[in-house]
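Take a look at the letters that make up each chain.
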Amino acid sequence: MGQYSSTHCGGGPKHRHRTPLTNHQYIISNNSDFFSLINSDDDESTVPSVFENRDYTDDLPDECLALIFQCLSSGDRKKCSLVCRRWLLVEGQSRHRLALNAKVEILPHVPAIFSRFDSVTKLALRCDRKSVSLNDEALTLISLRCSSLIRLKLRGCRDVTDVGMAAFARNCKSLKKFSCGSCMFGAKGMNALLDNCSSLEELSVKRLRGINDGFAADPIGPGAAASSLKSICLKELYNGQCFAPLIIGSKNLKTLKLLRCLGDWDRLFETIGSSENHVAEIHLERLQVSDAGLNAISNCPKLEILHLVKTPECTDAGVVAVARKCKLLRKLHIDGWRTNRIGDDGLVAIAENSSNLKELVLIGLNPTSTSLLAIASNCQKLERLALCGSDTIGDPEVSCIATKCMALKKLCIKGCEVTDEGIESFAWGCPNLVKIKVKKCKHVTGDVADWLRARRRSLAVNLDGGEVDIEPVDGSASEGGALEEAAEFQHTATTLPVIRAADIPSTSNVGRSSAAKPWFGLFGGRGLVACTLRRWSNGNGDSSESL
Amino acid sequence: MITLQSSDKDVFEIEQSILIQSGTIKNMVEDDFTFIPLPSVDTETLIKIIEYMKKHADKTDSKEKNIKEFDKDFMKKTLNELFALVFAANYLHISSLLELLYPSIADRIKDKITEAIRQIFSIRCDFTPEEERRIIMDNKWAHEGTEIEGTLD
């Protein structure tokens, strides 16, 4: 097995147990007596009094020592593992989370590693791009050692194939969360996972290369996990559509996130919306979905959270449909990508219908005071508001927010035409305001921040001086929805919308060839870029392109 | 009123309402014991335990800030004292006190090298050089830092 053998006595914190590999012998006794210490070393032949010049942790029950280790980082735990044999043992046995460098060279070390860390329930296997990753044999061996695994995360494990995944799935049937990124296995491996791990609750798949062969990839799902799955997240997949049977078959699905996946997704939502569902959270980002899809989404009566990020085929009509039928909506993020397809009409419908709205993030939209006034007046529970990259939001609109948003706690204004005067209105407006953040608004000076702080001491004011920087290209959007991160603001757009020629707005920065780079660059290859651009401009997935 | 007796045979009379924060004492009280000997808790430690329980017995809103201040000061003790408290709190099943003690002891381990940790806790290294090398090698497979840990959730 390894040199770290252990003998376990059962029992709770009242008992101590020890390995035979120690220098001292102890009488294991009930906690109601003092521990008697008989030292077998020649140096210390007298019974020492407890806690004097000796290992402080000696008499501490293993569970207590383990709980101390739990307060430490992975790096600190490694130092602890080298302190002495007992610490090594306790540290290893109390490790429930482990992250390993998943290179191919790990195979011979797997038995020793998992003898030492024998209680791992959450495992991450991560391989960098330059190295050869662990293979099927290693993954199988790991799965045999960690059969009670609850969470697994694979990153860059390019040498794991369908065979390895199937073996893993058969051995780790209690898995609840699975996440993979930049792996190469395919539908067979994914289906094996879904057929064996019948308690799977969360599935996250990013860039799975093995499902890219041609346009007719094998369907994935539903599998035994369909009834337990609560959350599915798909990112940057060519053939994400092959997950459709799984998504549709997961009748208890609550969260669905589709980010930068090719294909036309309207039909999927039409199917979901056509039967009873429990979907409460939908994130759509850089996805081909239109008002037809939004119409279908409006048939998710339990919808509470909706993110529409850079979906240029969605217009006011779709937003109105969702607003009218999804009465439980409490968080809405819309990034209109400055295409001006969503504006006052959609937002007025939100104002009129979403009385439960607590969080609203509007990026790259141009609402006027009409809709802002409506929202400020009607959404009386609104606590968090972010307005970014808008040409139409200025002092009157901001003052209106100050006057009417009674419940507002946090406000972020970025890249808008507000001036100091608009910000001043927060000295007396929004009685519940706790934090205000103003960034990249060229007419707002640092003076107003001090002025505001002086008048309202409990308000946290975060203001940058008004310089306009070009934000670095960030291909990934926030998923957690932290207010600050949601503002993926492009003032001078270095990432450009990829849209049909007819829809190119009058902003001057739209071009074609550089547009695809940030996103499609992730897929790699210029041929891909050209194909995909054509695909987008044809409207629907022209599947005769082979990618 | 309940009487507690330390290992040094000192006795303390405390209200039941304060002492039931200790799961162990609570059980004994429910079994109608009014005199509880604690042979594994010395007087010095018992005094501290009682001090802690008294402060935490009255958990009204207005006192929350005071309690937090008290807890912070309470942890400013020698390692010797902290361990004695861990033993006592563990035996007496006072989970709130343990939840304070573990991070406080962990703070003494944070960011230190292995040898420093050994010195602080007066632990003798019982590895052979070969074993140490082996562990260091195994450790290399596990990621440093929290960025992986954090994203496991």
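Each chain carries its own residue numbering, running from 1 in the written order of its sequence. Throughout, the order in which chains and ligands are written sets their labels, letters from A for the former and numbers from 1 for the latter. With pLDDT at 70 or above as the cut-off, local features in this predicted model cover only qualifying residues; side-chain atom pairs require 80 or more to be listed or tallied, and sums for whole chains, interfaces and linings still use all residues. Only heavy atoms go into the side-chain values, all of them from the structure, while hydrogens and water stay out.

- An unreviewed UniProt entry lists chain A under the name F-box/LRR-repeat protein 8, with Capsicum annuum given as the organism.

1. Focus on the overall build of chain A
No. 1: Here a strand is any run of E in DSSP of at least two residues, a helix any run of H or I of at least four, and the numbering for each starts at the N terminus. Within chain A, the secondary structure is distributed over 19 helices and 17 strands.
No. 2: For every residue, the accessible area (1.4 Å probe, protein chains only) is compared with the maximum for its type, and the residue is labelled buried under 20%, exposed over 50%, or partly exposed between those bounds. Evaluated residue by residue, chain A yields a buried proportion of 57% over its 547 residues.
No. 3: For chain A, the proportion of contacts with a sequence separation of at least 24, taken over those separated by at least 6, is 71%.
No. 4: Carbon together with sulfur atoms contributes 50% to the accessible area of chain A, which is approximately 21900 Å² in total. Whether two residues are in contact is decided by their heavy atoms: any pair within 4.5 Å suffices. Areas reported as accessible are Shrake-Rupley estimates using a 1.4 Å probe. Residue values count occlusion only from the protein chains shown.

2. Side note on the nonpolar core
Taken as a class, soluble globular proteins show a tendency for nonpolar side chains to be buried jointly.
No. 1: What is meant by a nonpolar core is a set of buried Ala, Val, Leu, Ile, Met, Phe, Trp, Tyr and Cys residues, joined one to another through side-chain atoms within 4.5 Å. Of all hydrophobic cores here, the largest spans 127 residues; its most connected members are Leu125, Phe178, Met190, Leu193, Phe243, Ile247 and Phe269 of chain A.
No. 2: Residue contacts for phenylalanine 243 of chain A: discarding those within four places in its chain leaves Met190, Leu203, Val205, Ile211, Ile220, Leu234 and Leu237 of chain A.
No. 3: Counting 53 residues, the second-largest nonpolar core is a separate cluster that includes Leu60 and Val90 of chain A together with Ile18 and Val86 of chain B.

3. Here we look at the sheet that holds strand S1 (residues 2-5) of chain B
Residue and element names in this part refer to chain B.
No. 1: If you trace the 3 strands from one edge of the open sheet to the other, you get S2-S1-S3, paired in mixed fashion. On the outer flanks of this sheet lie strand S2 (11-14) and strand S3 (35-37), each paired with one strand and no other. Between one strand axis and the next, the sheet turns by 20° as a mean value, whatever way the strands run.
No. 2: By this definition, two strands are paired if DSSP reports at least two bridges between them. With 3 bridges joining them, S1 and S3 adopt parallel strand pairing. Counted as the bridge partner of glutamine 5 is proline 37 from S3.
No. 3: Every axis in this analysis is a line fitted to C-alpha atoms, fitted for helices over the stretch in contact. Angles between the N-to-C directions lie between 0 and 180 degrees. Across the sheet, helix H3 (residues 43-57) touches S1 and S2, and the angle it forms with S2 is around 10°.

4. Here we look at the confidence of the model for chain B
Any segment with low pLDDT has predicted coordinates that should not be analysed in fine detail.
Residue and element names in this part refer to chain B.
No. 1: Every residue is assigned a pLDDT by the predictor, reflecting its confidence on a scale from 0 to 100. Put simply, chain B has an average pLDDT of 86, and 90% of its residues get 70 or more.
No. 2: Here helix H9 (residues 147-150) stands out as the element of chain B with the lowest mean pLDDT, 39, in contrast to helix H6 (residues 95-107), whose mean of 92 is the highest.
No. 3: Low pLDDT, under 50, characterises residues 145-153; the stretch is placed with 23 contacts to residues that sit more than four places away or in other chains.
No. 4: Predicted as a complex, the structure gets a pTM of 0.73 and an ipTM equal to 0.88.

5. What to know about the domain arrangement of chain A
Residue and element names in this part refer to chain A.
No. 1: Throughout, the edges of the domains are those of an automatic or database domain assignment. Each assigned domain of chain A is listed here: domain 1 (59-94) and domain 2 (99-243).
No. 2: The straight-line distance from the C-alpha centre of domain 1 to that of domain 2 is 29 Å.
No. 3: Taken together, the contact between domain 1 and domain 2 spans 5 residues of the former and 4 residues of the latter.
No. 4: Roughly 370 Å² is buried in total at the junction of domain 1 and domain 2, and carbon and sulfur atoms are behind 43% of that figure. Buried area, as used here, totals the accessible surface that two parts lose on assembly, with accessibility defined by a 1.4 Å probe and the loss added over both.

6. Some points on helix H8 (residues 129-139) of chain B
Residues and elements named next belong to chain B.
No. 1: Those residues of H8 not exposed but buried are Glu131, Ile135, Asp138 and Asn139. Down the axis of H8, the buried set is contained in an arc of 100°. They therefore lie on one face. Opposite its buried face, H8 presents the exposed residues Pro129 and Arg133, each directed more than 90 degrees away. As used here, the arc belongs to the directions running from the helix axis to the C-beta atoms.

7. Thoughts on the packing of helix H5 (residues 79-92) of chain B against H6 of chain B
Residues and elements named next belong to chain B.
No. 1: In the contact formed by H5 and H6, the axes pass within 10 Å of each other and the chain directions differ by 150°. Here H6 runs roughly antiparallel to H5, going by the angle between their axes. The interaxial crossing formed by H5 with H6 has left-handed handedness. Residues Leu82, Phe83, Leu85, Val86, Ala89 and Asn90 of H5 pack against Leu97, Leu98, Leu101, Tyr102, Ser104 and Ile105 of H6.
No. 2: Split by residue class, the contact of H5 with H6 holds 10 nonpolar, 2 polar and no charged. An angle below 35 degrees is read as roughly parallel, one above 145 as roughly antiparallel, one from 65 to 115 as roughly perpendicular, and any other as oblique. Two helices cross in a left-handed way if the nearer one is turned anticlockwise from the farther one by less than a right angle. They cross in a right-handed way if the turn is clockwise. All amino acids are sorted into three groups, where Ala, Val, Leu, Ile, Met, Phe, Trp, Tyr, Cys and Pro are nonpolar, Asp, Glu, Lys and Arg are charged, and the leftover types, Gly among them, are polar.

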